[in-house]
Amino acid sequence: MGMFPSAEYPEVLVGLADPDDAAVYALDDDRALILTTDFFTPVVDDPFVYGAIAAANACSDVYAMGGRVVLALNIAVFPECLDDHTVAEILRGGGLKVAEAGGVVAGGHTIEGPEPIFGLAVMGLADRSRIWTKAGARPGDHLVLTKPLGVGMVTTALKADLASPADIEEASASMMTLNREAAETADAFSVHAATDVTGFSLLGHAAEMAKHSSVRLRFRLDDLPFVSGARDYAADWLFPAGSNNNEAAFAKDTVFAPEIEDGTRLLLFTPETSGGLLLSLDPAEARAYLEACSRKGIGAWPVGEVREGGGPAVEVV
């Protein structure tokens, strides 16, 4: 930002020169404040679930920076015709999810508008010496993903009344799951780089990590996890507009093995909502982290590795 040159704001540790998942501000020599915001229109029909997903999604950026959630403010747009019960359920879903994250909702702001929009501004705290960013991935690192992909396909199929109830339930459960346990477990290991997989898709967020770290990320298609139904809906070409937008933005940064079909390629460009963490760790640390997650019942998958930079930022084989 031209009006806020980073050299004049040394207390802003992340957010001016190198934007990341959240802004980070130094409180003192030991502590840092993490601040983020996110909001969107409904992705499911149940208002309580929608509120919980929106809150989990907003909190995710704090976890992607290695922090803990402490405070949140609601951000809402509600049509005048929306009944009080629906509004209350959205707010209840969000509030309970923030409480589960260990934080508190201390207020917020609501305006009237043509369609519902809900999200939160979330504040977190972290140890300055253990802030995670998209930079720092090293050649030889292993990549770990902590949630399955494809929820964007399921929610798009839902809007077309083509998603099965079982697929909706599985995708909703994934989106409502906080990244708290995955992040807290990773805090015991040396995470070199981290991000969460949301609107820019796996490949978009991976490209950002690769560029910030001056490396190349290589994913193994057969090792990527997907929620039930995602690949079927992709085969039926039920892609949201965001898939094409992400492809247009990040295709130049991505190379695919020739045998990977167009539908699968576009699936990997499909936006995710409240997706998992993508972590880059030393191979031994990655194996130990995966074992720790397995013991705790936390979803985590080894999905690729980091290579020397040069050429496209991301490779899928």
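Going by the structure above, here's the rest.
Below is a short write-up of the structure. (Residues numbered from 1 in each chain as written. Predicted model: local features only at pLDDT ≥ 70, side-chain atom pairs only at ≥ 80, totals over all residues. Heavy atoms only, no water.)

**Description of the environment of A163**
Operational definition: The helix count covers DSSP runs of H or I at least four residues long, the strand count covers runs of E at least two residues long, and both are numbered beginning at the N terminus. Burial here depends on accessible area, computed with a 1.4 Å probe over protein chains only, as a share of the maximum for the residue type. Under 20% is buried, over 50% is exposed, and the range in between is partly exposed. For this analysis, residues touch if any pair of their heavy atoms sits within 4.5 Å.
Its place among the elements puts A163 in the loop between α3 (151–159) and α4 (165–176). The class for A163 is buried, based on a relative accessible area of 16%. Once the C-alpha coordinates of A163 and G94 are considered, the two residues, 69 residues apart in sequence, prove to be 24 Å apart. Setting aside residues up to four positions removed in sequence, A163 forms contacts with V154, A157, L158, I168 and Y233.

**Some details on the sheet that holds strand β3 (residues 31–40)**
For the record, the criterion: At least two bridges found by DSSP between two strands is the condition for calling them paired. Axis definition: a line fit to C-alpha positions, over the contact stretch in the case of helices; interaxial angles, taken between N-to-C directions, run 0 to 180 degrees.
An order of β1-β2-β3-β6-β4-β5 is seen for the six strands of this open sheet, with the pairing classed as mixed. Every other strand in the sheet has two partners, leaving β1 (12–14) and β5 (104–112) as the edge strands with one partner each. Taken over all neighbouring pairs, the strand axes of this sheet differ in orientation by 20 degrees on average, direction set aside. Here β3 pairs with strand β6 (residues 117–127) via ten bridges, running antiparallel. Within β6, the position partnered with T37 by the bridge is A121. Sitting on the sheet, helix α1 (residues 47–64) touches β3, β4 (68–78) and β6, and the angle it makes with β6 is about 30 degrees.

**Some details on the sheet that holds strand β13 (residues 314–316)**
If you trace the seven strands from one edge of the open sheet to the other, you get β8-β11-β7-β12-β9-β13-β10, paired in mixed fashion. What marks the edges here is a single partner per strand, and that holds for β8 (191–196) and β10 (254–256). Each neighbouring strand pair of the sheet contributes to a mean axis angle of 25 degrees, computed without reference to strand direction. Here strand β7 (residues 142–145) runs beside strand β12 (residues 301–308); their pairing, made up of four bridges, is antiparallel. Of the residues in β12, the one forming a bridge with L143 is G304. Sheet contacts for α1: β8 and β11 (277–281); angle to β8, the most-contacted strand, approximately 165 degrees. Helix α6 (residues 201–213) contacts β8, β9 (215–219), β10, β11 and β13 of the sheet and is inclined by roughly 150 degrees relative to β9.

**Some details on the environment of S60**
Mapped onto the elements of the fold, S60 is located in helix α1. Sequence separation of S60 and S274 is 214 residues, and the distance between their C-alpha atoms is 7.0 Å. Residues contacting S60, with those up to four places away along its chain left out, are N179, D196 and G275.

**Considering the pairing of β9**
Counted residue by residue, β9 has five buried out of five residues, so it is predominantly covered. Of the two faces of β9, the one holding V215, L217 and F219 and the one holding R216 and R218 are both buried throughout. Relative to β12, β9 runs antiparallel, the two sharing five bridges. Considered in β12, the bridge of V215 is made with E308. Pairing of β9 with β13, which is carried by three bridges, proceeds in the parallel orientation. Of the residues in β13, the one forming a bridge with L217 is V314.

**A closer look at the pattern of salt bridges**
Where charged atoms of side chains with opposite charge meet at close range, the side chains can pair. Stated precisely, the cut-off is as follows: Between Lys or Arg on one side and Asp or Glu on the other, a salt bridge is scored when a side-chain nitrogen of the former is within 4 Å of a carboxyl oxygen of the latter.
A full pass over the atoms with the stated rule returns 13 salt bridges. One salt bridge connects D253 with K211, and the closest N-O pair in it is separated by 3.0 Å. Taken together, the positions of D253 in the loop between α8 (241–250) and β10 and K211 in helix α6 put the pair 42 residues apart, joining distant regions of the chain. A salt bridge links R220 to E305; the nearest nitrogen and oxygen atoms lie 2.7 Å apart. Here E305 lies in strand β12 and R220 lies in the loop between β9 and α7 (230–235), a separation of 85 residues in the sequence. Taking relative accessible area as the criterion, E305 reaches 16% and is therefore assigned buried. Shared partners join several salt bridges into a network, and the residues in it are R218, R220, D223, E305 and E315.

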